[in-house]
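Next come the chains, spelled out residue by residue.
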Protein chains: 2
Amino acid sequence: MQRYFVAPEQMTETMVTITGDDVKHIVRVMRMKVGDEFICANGKLRTVRCEMTYFDETCVEAKIIEELSANAELPIEVTVAQGLPKGNKLEFVVQKGTELGAHSFIPFTAHRSVVKWNEKKANRQQTRLEKIAKEAAEQSHRDCLPIVTHVHSIEQLIQTFSTFDLVLVGFEESARMGEHHTFVKALRSLESGQSLLLLIGPEGGFAEEEIKKMTEAGATLCSFGPRILRTETASLYALAAISYHFELKR
Amino acid sequence: MQRYFVAPEQMTETMVTITGDDVKHIVRVMRMKVGDEFICANGKLRTVRCEMTYFDETCVEAKIIEELSANAELPIEVTVAQGLPKGNKLEFVVQKGTELGAHSFIPFTAHRSVVKWNEKKANRQQTRLEKIAKEAAEQSHRDCLPIVTHVHSIEQLIQTFSTFDLVLVGFEESARMGEHHTFVKALRSLESGQSLLLLIGPEGGFAEEEIKKMTEAGATLCSFGPRILRTETASLYALAAISYHFELKR
């Protein structure tokens, strides 16, 4: 059944009101009619099955038939902070990371980021990434809509460390030196409901100075196995492993 | 240090001979000179550090300085059989799957594959995917070069089942029905050195008839967590989880 995210205020006790691009998708692409059913999630863990009662060019209304229990969210809130990579890799990270259960994404300008975003580009990219996250969340049947923040500097990123239960940095040198146990120990130390910030460098990895600042601020360095992963693959490895550890092994 | 794969016969006890596209990369792109060092792997678990002794337009020769111990291979040989997906998703699966440690890839024509390959296209695609695997294997510091086979039919694929220790099928319905333990049990049943065939359907998933044939031939159906993954993400989830289970938890 087709799925759509709506803002929390668009979902009352009994009704859902849909506006914006999704109206076109429901009416034109899916050609749904009054009486047809679809699923709506408010992005805050409330997911409902509903039946269309009215539509026009700008608005679809539907009555709620059934409250569905939310069960597609990772028990750990994982925020992926990705050093700005080249090309369309950030879109890839947001799309695949959303499928794999990430709670939020923070793009940040790392020392070795080749790409630079000015304010205008940063705003445009944020809107674009939010759209990609919404589509991926609908397709993968998420109950929460991942948050994509505005681009951060490394200093701004470090200031957020204290709001997380654990901060992990993917560090290529750890992989080269054969250190493969820190990530497992870190996951074992986490409990359901806790939050994890996962930092991934851009193509060239983190600069020494960045590693120093991050570890001084309490971050733990770790590897994701013996192979050297590209920047856009690292967070996906971590998210899949987190899902395996917390969702499948239980 | 730069890495290159060579055919086993290009590596003797003491020397490596490089021919083909890599010569251009070494001489023109990297601008290496006699005396410069690089790493060579023969794709069969022998990896060496070597020093260039001679080059011309078509050939580079290097003497072996050090035998490196091979340690970047998954302890389980994982073959990813991917139902032909749309667009460039198969290239993506091979690139990322190679980074994540896959041993081989078998593209196959599934009932719901929209794309059809004739003989000419199949040959061209195989060559292209082999090139992608080689580049990804070099970049991720693999010691083995993943094999990409010619496209299989589902019947040909089923005939290979008996050559694997375990055959798993990613099945969306298992995810929907909340079955999340089979994959873990399957991994727990495997030991280092054993082989796993992982079957992933195309965009529309497997047809009922295919599921029937595969399970009758001994395959086990499993889910990769509670979220619905796109076809190109499923094998990456499985490979990351396998790495976590066999390489990190030890």
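Up top is the structure these notes are about.
What this report covers is the structure whose coordinates are included nearby. (Residues numbered from 1 in each chain as written. Chains lettered and ligands numbered in written order. Predicted model: local features only at pLDDT ≥ 70, side-chain atom pairs only at ≥ 80, totals over all residues. Heavy atoms only, no water.)

### Considering the sheet that holds strand 1 (residues 3–5) of chain B
Residues and elements named next belong to chain B. Spelled out, the test is: For two strands to be treated as a pair, DSSP must find no fewer than two bridges joining them. Under the scheme used here, helices are H or I runs from DSSP no shorter than 4 residues and strands are E runs no shorter than 2 residues, and both carry numbers assigned from the N terminus. Structural elements are reduced to axes, namely lines fitted to C-alpha atoms, with helices fitted over the stretch in contact, and the angle between N-to-C directions of any two is expressed from 0 to 180 degrees. A contact between two residues is defined here by any heavy atoms of the two lying within 4.5 Å.
What the five strands build is an open sheet, ordered 1-3-4-5-2; its pairing is mixed. The open sheet has two free edges, formed respectively by strand 1 and strand 2 (15–18), since each of these has just one partner strand. Across the sheet, the axes of successive neighbouring strands diverge by a mean angle of 40°, strand direction being ignored. Examined bridge by bridge, strand 1 and strand 3 (residues 37–41) share three bridges and lie parallel to one another. The residue bridging Tyr4 from the neighbouring strand is Cys40, located in strand 3. Along the sheet, helix 1 (residues 21–29) contacts strand 1, strand 2, strand 3, strand 4 (47–55) and strand 5 (60–68); its crossing angle with strand 1, the most-contacted strand, is approximately 165°.

### Concerning empty space enclosed by the protein
Where empty space is left becomes clear once a probe the size of a water molecule has been rolled over the atoms. Definition in use: Detection works on a 1 Å grid of protein atoms alone, calling trapped sets that fit a 1.4 Å probe cavities and calling open sets with protein on both sides within 12 Å along at least five of seven lines pockets, with lining residues defined by an atom within 4 Å of a point. Grid points are joined across faces, edges and corners, and a volume is the space filled by probe spheres set on the points. Three classes are used, and their members are as follows: Ala, Val, Leu, Ile, Met, Phe, Trp, Tyr, Cys and Pro are nonpolar, Asp, Glu, Lys and Arg are charged, and the others, Gly among them, are polar.
Applying the stated rule across the entire model yields four cavities of 30 Å³ or more. Surrounding the largest cavity, Leu100(A), Leu236(A), Tyr237(A), Ala240(A), Leu100(B), Thr233(B), Leu236(B), Tyr237(B) and Ala240(B) form its lining. At the level of secondary structure, the elements contributing two or more residues to the lining of the largest cavity comprise helix 8 (231–248) of chain A together with helix 8 (231–248) of chain B. Ranked by residues supplied to the lining of the largest cavity, first place goes to helix 8 of chain B with four residues. Across the lining of the largest cavity, the residue classes break down as eight nonpolar, one polar and no charged.

### Re the sheet that holds strand 2 (residues 15–19) of chain A
Residue and element names in this part refer to chain A. Strand order in the open sheet formed by five strands is 1-3-4-5-2, and the pairing between neighbours is mixed. A single partner strand is all that each edge strand has here, and the edge strands are strand 1 (3–5) and strand 2. Taking each pair of neighbouring strands and ignoring which way they run, the sheet shows an average axis angle of 40°. Two elements, strand 3 (residues 37–41) and strand 4 (residues 47–55), share five bridges in a ladder whose sense is antiparallel. Paired with Phe38 across the two strands is Cys50, which belongs to strand 4.

### So, the packing of aromatic side chains
Cut-off, in case you're wondering: The criterion for an aromatic pair is that two Phe, Tyr or Trp rings (for Trp, the six-membered ring) have centres within 6.5 Å, with stacked assigned to planes under 30 degrees apart, edge-to-face to planes over 60 apart and tilted to the rest. Remark: exposure states derive from per-residue accessible area (1.4 Å probe, protein chains only) relative to the maximum for the residue type, with buried under 20%, exposed over 50%, and partly exposed in between.
By the definition in use, this model includes 12 aromatic pairs over all chains. On the basis of an interplanar angle of 65° and a centroid distance of 5.0 Å, the ring pair of Phe92(A) and Phe92(B) is categorised as edge-to-face. Residue Phe92(A) is located in helix 2 (residues 89–99), and its partner Phe92(B) is located in helix 2 (residues 89–99); the two belong to separate chains. Like Phe92(B), Phe92(A) is buried. Consider the rings of Tyr4(B) and Phe38(B), whose centres lie 5.8 Å apart with planes at 90°: the pair is edge-to-face. Pair noted here: Tyr4(B) is in strand 1 and Phe38(B) is in strand 3, with a separation of 34 residues, a long-range link. Since its relative accessible area comes to 0%, Phe38(B) is described here as buried. A network of ring pairs unites the aromatic residues Phe183(A), Phe224(A), Tyr237(A), Tyr244(A), Phe183(B), Phe224(B), Tyr237(B) and Tyr244(B) as a single cluster.

This is a description of form; function is not addressed.
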